[in-house]
Amino acid sequence: SQQGEEDPQALSIQEGENATMNCSYKTSINNLQWYRQNSGRGLVHLILIRSNEREKHSGRLRVTLDTSKKSSSLLITASRAADTASYFCATGGRGDKIIFGKGTRLHILP
Amino acid sequence: EAQVTQNPRYLITVTGKKLTVTCSQNMNHEYMSWYRQDPGLGLRQIYYSMNVEVTDKGDVPEGYKVSRKEKRNFPLILESPSPNQTSLYFCASIGDTGELFFGEGSRLTVL
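The structure reproduced in this document is the subject of the present report. Note that the structure is predicted; figures quoted are calculated from it, not measured.

**Some thoughts on the interface of chain B and chain A**
- Counting residues at the interface gives 28 residues for chain B and 22 residues for chain A.
- Carbon and sulfur atoms supply 50% of the area that chain B and chain A bury against each other, a total of about 2,000 Å² over both sides.
- Of all residues in chain B, the largest losses of buried area upon contact with chain A belong to Leu43, Asp59 and Glu104 of chain B, amounting jointly to 23% of the total for that side.
- Taken together, chain B and chain A are joined by one salt bridge.
- Here chain B is connected to chain A by five residue pairs in polar contact (both at pLDDT 80 or more).
- Those elements that place two or more of their residues in the side of chain B that touches chain A are strand E4 (31-38), strand E5 (42-51), strand E9 (87-94) and strand E10 (100-102) of chain B.
- In terms of residue count, E5 of chain B provides more of the side of chain B that touches chain A than any other element does, six residues in total.
- Class assignment for the residues of the side of chain B that touches chain A results in 11 nonpolar, nine polar and eight charged.

**Thoughts on the layout of surface pockets**
- Looking at the largest pocket, its volume works out to about 510 Å³.
- What lines the largest pocket is a set of 24 residues, among which Phe88 of chain A together with Gln37, Asp38, Pro39 and Gly40 of chain B lie closest to the centre.
- Mapped by element, the contributors of at least two residues to the lining of the largest pocket are strand E1 (5-7), strand E9 (85-91) and strand E11 (104-109) of chain A together with E4, E9 and strand E11 (106-110) of chain B.
- For the second largest pocket, the calculated volume is near 200 Å³.
- The wall of the second largest pocket is formed by 15 residues, among which Gly42, Leu43 and Val44 of chain A together with Phe102 and Glu104 of chain B lie closest to the centre.

**Focus on the sheet that holds strand E7 (residues 65-66) of chain B**
All names here are of chain B.
- Reading across the sheet, the four strands line up as E1-E3-E8-E7 and stay open at both edges, with antiparallel pairing between neighbours. Strand pairing shows two members of the sheet lacking a second neighbour, strand E1 (4-7) and E7, which therefore form its edges.
- Of the pairings in the sheet, the one linking strand E3 (residues 19-25) to strand E8 (residues 76-78) comprises three bridges and is antiparallel in character. From the neighbouring strand, Thr20 faces E8, where its bridge partner is Ile77.

**With respect to the sheet that holds strand E3 (residues 19-24) of chain A**
Residues and elements named next belong to chain A.
- Read from one edge to the other, the open sheet built from five strands follows the order E1-E3-E8-E7-E6, with strand pairing classed as antiparallel. Only two strands of the sheet have a single partner each, and these edge strands are E1 and strand E6 (55-58). In this sheet, adjacent strand axes meet at a mean angle of 20° when their direction is disregarded.
- In the sheet, E3 pairs with strand E8 (residues 71-76) via six bridges, with the strands oriented antiparallel. Within the sheet, the bridge partner assigned to Met21 lies in E8 and is Leu74.

**Overview of the state of the cysteines**
Residue and element names in this part refer to chain A.
- Within the structure shown, the criterion is met by two disulfides over all chains.
- In this model Cys23 forms its disulfide with Cys89; the gap between the sulfur atoms is 2.0 Å. On the sign convention where negative is left-handed, the bridge of Cys23 and Cys89, at about 70° about the S-S bond, is right-handed. Of this pair, Cys23 sits in strand E3 while Cys89 sits in strand E9, and the two are 66 residues apart along the sequence.
- Taking relative accessible area as the criterion, Cys23 reaches 2% and is therefore assigned buried.

**A few points about the packing of aromatic side chains**
- On inspection of all chains with the given rule, the structure shows eight aromatic pairs over all chains.
- When the ring of Tyr35 of chain A is compared with that of Phe102 of chain B, the centres are 5.9 Å apart and the planes differ by 80°; the resulting orientation is edge-to-face. Within this pair, whereas Tyr35 of chain A is found in strand E4 (residues 31-37), its partner Phe102 of chain B is found in strand E10, the two belonging to separate chains.
- Taking the relative accessible area as the measure of exposure, Tyr35 of chain A reaches 0% and is therefore buried.
- For Phe102 of chain B, a relative accessible area of 10% gives the class buried.
- Where Tyr31 of chain B meets Tyr48 of chain B, the ring centres are 5.8 Å apart and the plane angle is 15°; that geometry is what we call stacked.

The rules behind each value
Residues numbered from 1 in each chain as written. Chains lettered and ligands numbered in written order. Predicted model: local features only at pLDDT ≥ 70, side-chain atom pairs only at ≥ 80, totals over all residues. Heavy atoms only, no water. Contact = heavy atoms within 4.5 Å. Buried area = accessible area lost by both parts, 1.4 Å probe. Salt bridge = Lys/Arg side-chain N within 4 Å of Asp/Glu carboxyl O. Polar contact = N/O pair within 3.5 Å; in protein donor to acceptor, adjacent residues only side chain to side chain. Helix = DSSP H or I, 4+ residues; strand = E, 2+ residues; numbered from the N terminus. Nonpolar A, V, L, I, M, F, W, Y, C, P; charged D, E, K, R; others polar. 1 Å grid on protein atoms, 1.4 Å probe; cavity = no way out; pocket = protein on both sides within 12 Å on 5 of 7 lines; lining within 4 Å. Points joined across faces, edges and corners; volume = space filled by probe spheres on them. Pairing = 2+ DSSP bridges. Axes fitted to C-alpha atoms, helices over the stretch in contact; angles between N-to-C directions. Disulfide = S-S within 2.5 Å. Buried < 20%, exposed > 50% of the residue type's maximum accessible area, 1.4 Å probe, protein only. Phe/Tyr/Trp six-rings, centres within 6.5 Å; stacked < 30°, edge-to-face > 60°.

Such coordinate-based values are descriptive only and should not be taken to indicate function.
Next comes the structure, spelled out in structure tokens:
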């Protein structure tokens, strides 16, 4: 069963623009995480936001969490070619099943 | 260096020939997990383990077995592989802060 669902499925933007991806989930959570995957490689952890947090920053990344709407967004500012990847949200954690969404494919155009 | 190591990275096999994908982590993590990734379906959890000798089914456990005899190792066993198990497989361990550390993946083709 899929807990997180990312939106859009694919996104193409010009280098330097901001990219926003959304994640919706169905049940209550303790935290939500975002991961990046370069083509065919292992996923890399980007950021974790706890259920009692509303916003979190890490470098050019900004994550928001709205537990009332069961949704989260990932904003990448000033995008670069190296940001081209797939991005996944995941819910669950230690002691729970961790469930990933299907991902958003982000393509940064030169 | 903290890492999760999977082997083999690539494997082509035939239907019914038993195979094992090994996974090892050097971070002393208790929780480990196996996922498969298929186009359009995202990552789906196969099995997970919360500690030595403690394993549980994920969402797609059929056709797979696992064991956790030591904390660092979590092998995935396909007793009788079938073509629908052709996929990209990832092993992961979970750290104290809740983040997953992934291996580089094992691409399996079953003919």
